[in-house]
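# Residue-level structure breakdown
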Amino acid sequence: MRRLEQSSGKLAAAAIARMDEQLPWYRAMPPENRSWIGLVAQAGIAAFTEWFRHPDTPQAISTDVFGTAPRELTRAITLRQTVEMVRTTIEVVESAVDELALPGGESALRNALLVYAREIAFATAQVYAQAAEARGAWDARLESLVVNAVVSGEADESDVSRAAALGWKAPEHVTVVLGNAPNGDSELTVEAIRRAARYAKLQVLTGVLGKRLVVIAGGSDDPVQAAKALIGPFASGPVVAGPLVGDLLAATRSAQAAAAGLRACAAWPDAPRPVLADDLLPERAMAGDPAARTLLVEEIYRPLQEAGSALLETLSVYLEQASSLEGAARMLFVHPNTVRYRLRRVTDVTGWPPSDVRSAFTLRIALMLGRLADEDHSA
């Protein structure tokens, strides 16, 4: 015991010297962190001396050894590096067993050191497990704050900073996917989303807000494909992908469109799963979504209006004639080929082909809203 106590400083110095010689990561660390590691090594040797004196007394080794260093040290050095540090310190003490033990006591001291090394290993695992749990809980709260800010439309630069702290690398393409959350542990759902995202090479911020599962996905220029890659953990029911936006702050717009689409999905029972929020523009407009009404007017009605009255008139008559080319031609006193050409121009201008039943429904709603808007302006 006396030899252990007298040699503790010398053994700690020898352990630090060997770390400096054998561990490149230790040499590269700033002086402050190296000094903390030196204190941990010294505390470990002192704790072994006390443990050897009273081996049957329960002791909190993790507190005795790692309590000398600040909690931030677990972020500065990895678990692997900590294991290398502990191994080096144990090897130094083990190499001095013959000098420390009285004749005939070498085996007892060596066995005690092996038992103590096992306890240190468990203590190391406990320290890093606690740090990981605390960090995981904090990250989950931080991620929930970011997701909630995006969905509520209150995201600002502080949320961008929080997302960066969570590993969000500011991808060029971002979409928000909404659907029903499954029953059960929300943490398992979130982890399932993360696994699917890793497989699809997507960045995600996700969370369960009430009964909704929200995923902010980045890294794909196709929102439907991104939603398909992540759809597994969603519960049954519609899944809606918002439009592509350029960054996290603009994701509030994508989230609002997805939320409006999710509310309006009941009006389109045969909607694909997942479905784009913009494919639900008519239902969203009927449900009172002002953004959808504005989009239908500004992106369909106004361009047709600017392209000339012939396109608006032809489209209106074609829709009224149950999408009949011949019927529209008779009503307009033109050749069916003229109607066919004008309808192609409608497709070019709006992106919605009138010959498709779903597109025709969207165009009809856009015409109605555009005329109402014109009436309001004239009044």
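The shown structure was predicted, so the numbers you read here are calculated from the model rather than taken from an experiment. (Residues numbered from 1 in each chain as written. Predicted model: local features only at pLDDT ≥ 70, side-chain atom pairs only at ≥ 80, totals over all residues. Heavy atoms only, no water.)

## A look at helix α3 (residues 31-53)
- Compared with the 33 Å implied by 1.5 Å per residue over 23 residues, the 33 Å span of α3 between its first and last C-alpha is a close match.
- By the burial criterion, the buried members of α3 are Asn33, Ile37, Gly38, Val40, Ala41, Ala43, Gly44, Ile45, Ala47, Phe48, Thr49 and Trp51. (Helix = DSSP H or I, 4+ residues; strand = E, 2+ residues; numbered from the N terminus. Expected span 1.5 Å × (residues − 1). Buried < 20%, exposed > 50% of the residue type's maximum accessible area, 1.4 Å probe, protein only.)

## Side note on the nonpolar core
- Ranked by size, the top nonpolar core spans 31 residues in total, and within it Leu11, Met19, Trp25, Ile37, Phe48, Met85 and Leu109 carry the most contacts.
- For this core, the elements supplying multiple residues, two or more each, are α1 (2-22), α2 (24-27), α3, α6 (79-95), α7 (97-100) and α8 (106-152).
- Ranked by residue count, the leading element in this core is α3, at seven residues.
- Ranked by size, the runner-up nonpolar core spans 29 residues in total, among them Trp168, Val176, Val240 and Ala258. (Core = buried A, V, L, I, M, F, W, Y, C linked by side-chain atoms within 4.5 Å.)

## Quick look at the environment of Ser316
- Mapped onto the secondary structure, Ser316 falls in helix α15 (residues 309-320).
- Residue Ser316 is classed as buried on the basis of its relative accessible area, which comes to 17%.
- For the pair Ser316 and Arg364, spaced 48 residues apart in sequence, the C-alpha separation works out to 7.7 Å.
- Beyond its immediate stretch of four places on either side in the chain, Ser316 contacts Leu367 and Arg371. (Contact = heavy atoms within 4.5 Å.)

## Thoughts on the sheet that holds strand β3 (residues 212-218)
- Pairing is mixed across the open sheet formed by five strands, whose spatial order is β2-β3-β1-β4-β5. The sheet is open, and its two borders are formed by β2 (203-209) and β5 (275-276), each paired with just one other strand.
- On the sheet, helix α10 (residues 186-200) packs against β2 and β3 and is oriented at approximately 160° with respect to β2.
- The sheet strands contacting helix α11 (residues 223-230) are β1 (174-180), β2, β3, β4 (239-241) and β5, and the helix crosses β1 at an angle near 45°. (Pairing = 2+ DSSP bridges. Axes fitted to C-alpha atoms, helices over the stretch in contact; angles between N-to-C directions.)

## Observations concerning the UniProt feature "domain: CdaR GGDEF-like" (unreviewed entry) in the protein
- Using the residue numbers shown here, the UniProt feature "domain: CdaR GGDEF-like" (unreviewed entry) corresponds to residues 152-264.
- Segment residues 152-264 splits into 42% helix and 21% strand. End C-alpha atoms: 18 Å apart. (UniProt positions renumbered as here; feature names shortened; annotations may be inferred.)

## Description of the packing of aromatic side chains
- Considering all chains together, one arrives at one aromatic pair under this definition.
- Ring centres of Trp25 and Tyr26 lie 6.3 Å apart, and the angle between their planes is 85°; this geometry places the pair in the edge-to-face category.
- Among the residues examined, Trp25 registers a relative accessible area of 13% and is labelled buried.
- Taking relative accessible area as the criterion, Tyr26 reaches 5% and is therefore assigned buried.
- Seen from the ring of Trp268, Arg358 lies directly overhead, with NZ or CZ sitting 3.5 Å from the centre. (Phe/Tyr/Trp six-rings, centres within 6.5 Å; stacked < 30°, edge-to-face > 60°. Lys NZ or Arg CZ within 6 Å of the ring centre and 35° of its normal.)

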